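# Architecture at a glance
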Amino acid sequence: MRIRAADVIVTSPDRNFVTLKLTTEDGVTGLGDATLNGRELSVASYLSDHVAPLLIDRDAGRIEDTWQFLYRSAYWRRGPVTMAAIAAVDVALWDIKAKMAGMPLYQLFGGASRNGIQAYGHASGRTTEELFDSIRAHREQGYTAMRIQTAVPGLKAVYGVASQPSVDGKRYDYEPAQRQAFPPEEDWDTRAYLRHLPTVFESVRNEFGPELPLLHDGHHRMTPIQAAKLGKALEPYDLFWLEDCTPAENQAALRLVRQHTTTPLAIGEIFNTVWDYQTLIQEQLIDYVRSAVTHTGGITAMRKILDFAAQYQIKSGIHGPTDISPVGMAAALHLDLAIHNFGIQEYMRHGTATNEVFQQTFTFQNGYLHPGEQPGIGVTLDEEAAARHPYAPAYLPFNRLADGTIHDW
Ligand code: GCO
Ligand code: MG
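Parameters at a glance
- Residues numbered from 1 in each chain as written.
- Chains lettered and ligands numbered in written order.
- Predicted model: local features only at pLDDT ≥ 70, side-chain atom pairs only at ≥ 80, totals over all residues.
- Near = placed C-beta within 6 Å.
- Nonpolar A, V, L, I, M, F, W, Y, C, P; charged D, E, K, R; others polar.
- Axes fitted to C-alpha atoms, helices over the stretch in contact; angles between N-to-C directions.
- Helix = DSSP H or I, 4+ residues; strand = E, 2+ residues; numbered from the N terminus.
- Parallel < 35°, antiparallel > 145°, perpendicular 65-115°, else oblique.
- Left-handed = near helix turned anticlockwise from the far one by under 90°.
- Contact = placed C-beta atoms within 7 Å.
- Pairing = 2+ DSSP bridges.
- Expected span 1.5 Å × (residues − 1).
- Bend = angle between axes of the 7 residues up to and from the residue.
- pLDDT = per-residue confidence, 0-100.
- Buried ≥ 20, exposed ≤ 12 C-beta atoms within 10 Å, placed from the backbone.
- Right-handed = clockwise from strand over helix to strand, strands pointing away.

With that settled, the discussion passes to the site of ligand 1. Close to ligand 1 lie Asn-37, Gly-160, Pro-176, Asp-217, His-219, Glu-269, Pro-321, Asp-323, Glu-346 and Leu-396. Its residues placed into classes, the shell around ligand 1 shows 3 nonpolar, 3 polar and 4 charged.

Structure, rendered in structure tokens:
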């Protein structure tokens, strides 16, 4: 079955998304997510200028061969733009293959290994009171695990903390990228954060008890020794994981953190190939793999990373913020359901406009996600609705210290 068309659709319902739609000679379509937050148009160009022309007349069934062709023939390997583009092609081809087989995609991976996929939500607050309200609101929505982020005394705004409860007064979600022409500037002070955070976890445990799985994202801001200190300080509060405690490109840094703390570690949302995990997995320096299907070369590559991790008792924690489109989320859910070494799935729900553009069969009930039983990945794109939301420039923020130095964030 030959590929006849490869269309790149950029749309901005609530936020920007880049989607690849492949159509075969028989009219079967497949979707892939190529959204790279704040750099969306670079992947759209990579796909439409350099990849789409190479796909026409290729056999849609040759997924592994197409992956290897795109990865190796480009000569310039790895990198977020390349790997997001390859991911979109890969997921679209898996979608087509599963539709042709008449099965939901997870069946092609060996079928379900569990009944549902435990998800964690993003509880946050500027104050303890707001944080507690957010935890309660997430519980009402069914979440059984939560990431905890708060403001830090003395800092104006902290990434990952909702700036205010949204209109229904119940959701405390934040949007990673702001629709503005320049990245928003935030301030940062690691010592103030290290002093404050353990007190937040202490009050959450006192209020909500020992059972609720709690996660935290350090967002690459600490040095190895600071991360080690935080991991140790948080041990009494029994975290499910501490995420991105140091800038992730230095894998060896995690050795030092690991020597000092038993707090489980998760890393990898900015990684894009298995090579970024080589030391971390082989030396068992982490507990959870955080890559997104969308940013890591798709399902073909993600399955290999997770199988590698499984040999070392390392589990999945697939990235699922709002900048992963419903197409990228659905792809993750089919993997989550099928693999043995599933850990947890991040799930920040999308807004109404996004759900109108991307119609989904996946469900979220009693804290568990399920990809649904429709053949393929279970997402359709309403192209007329997509056209009503043109691209709008949006940027992630960045950090400066009190003296003006740019810091990791
Ligand atoms: C997370 C993240 C996100 C990312 C965002 C970048 O753990 O969900 O850290 O908030 O920063 O997805 O685009
Ligand atoms: Mg993160």
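From this point, the discussion proceeds with the structure in view.
Once that is clear, we can look at the packing of helix H6 (residues 190-208) against helix H7 (residues 224-234). At their nearest, the axes of H6 and H7 sit 10 Å apart, and the two run at 15 degrees to each other. One way to sum up the angle between H6 and H7 is to call them roughly parallel. Note on packing geometry: the crossing formed by H6 with H7 is right-handed. Seen from H6, the contacting residues are Thr-190, Leu-194, Leu-197, Pro-198 and Phe-201; seen from H7, they are Gln-226, Lys-229, Leu-230, Ala-233 and Leu-234. Counted by class, the contact of H6 with H7 contains 7 nonpolar, 2 polar and 1 charged residues.

What follows is about the sheet that holds strand E3 (residues 29-33). Taken together, 3 strands build an open sheet; the order of strands is E1-E2-E3 and the sheet is antiparallel. The open sheet has two edge strands with one neighbour each: strand E1 (3-11) and E3. Strand-to-strand twist of the sheet, defined as the mean angle between neighbouring strand axes without regard to direction, takes the value 20 degrees. Where E1 and strand E2 (residues 17-24) come together, 8 bridges link them in antiparallel fashion. Within E2, the residue paired with Val-8 across the bridge is Leu-20. Sitting on the sheet, helix H1 (residues 40-55) is in contact with E1 and E2, with an inclination near 170 degrees to E1.

Right, let's get into H1. Because each turn of an α-helix spans 3.6 residues, side chains separated by three or four positions end up pointing in the same direction. Between its first and last C-alpha atoms H1 spans 21 Å; for 16 residues at 1.5 Å apiece the expected length is 22 Å, and the two agree. Taken as a whole, H1 carries its principal kink of about 35 degrees at Ser-48. Trailing H1 by a residue or two, Asp-57 shows a phi angle of about 80 degrees, which is positive.

This part is about the packing of helix H2 (residues 63-73) against helix H3 (residues 80-101). Orientation of H2 relative to H3, taken along the N-to-C sense of each, is 170 degrees, at an axis distance of 10 Å. One element, H2, and the other, H3, form an angle in the roughly antiparallel class. When H2 is examined against H3, the residues Ile-63, Thr-66, Trp-67, Leu-70 and Tyr-71 are found in contact with a partner set consisting of Ile-86, Val-89, Asp-90, Leu-93, Trp-94 and Lys-97. Across the contact of H2 with H3, the residue classes tally to 8 nonpolar, 1 polar and 2 charged.

Take the confidence of the model for the protein next. The pLDDT averaged across the protein works out to 96; a share of 98% of its residues lies at or above 70. ipTM for the predicted complex: 0.99, alongside a pTM of 0.97.

With that settled, the discussion passes to the pairing of strand E7 (residues 214-217). Residue alternation in E7 divides its side chains into two sets, Leu-214 and His-216 and Leu-215 and Asp-217, and both sets are buried. Two strands pair when backbone bridges link them, and strand E5 (residues 146-150) and E7 are joined in this way by 2 bridges, in the parallel orientation. Bridge pairing in E7 links Arg-147 to Leu-215. Bridging between E7 and strand E8 (residues 241-243) involves 3 bridges; their strand directions are parallel. The partner of Asp-217 across the bridge, within E8, is Glu-243. Read from E7 through H7 to E8, the crossover connection turns out right-handed.

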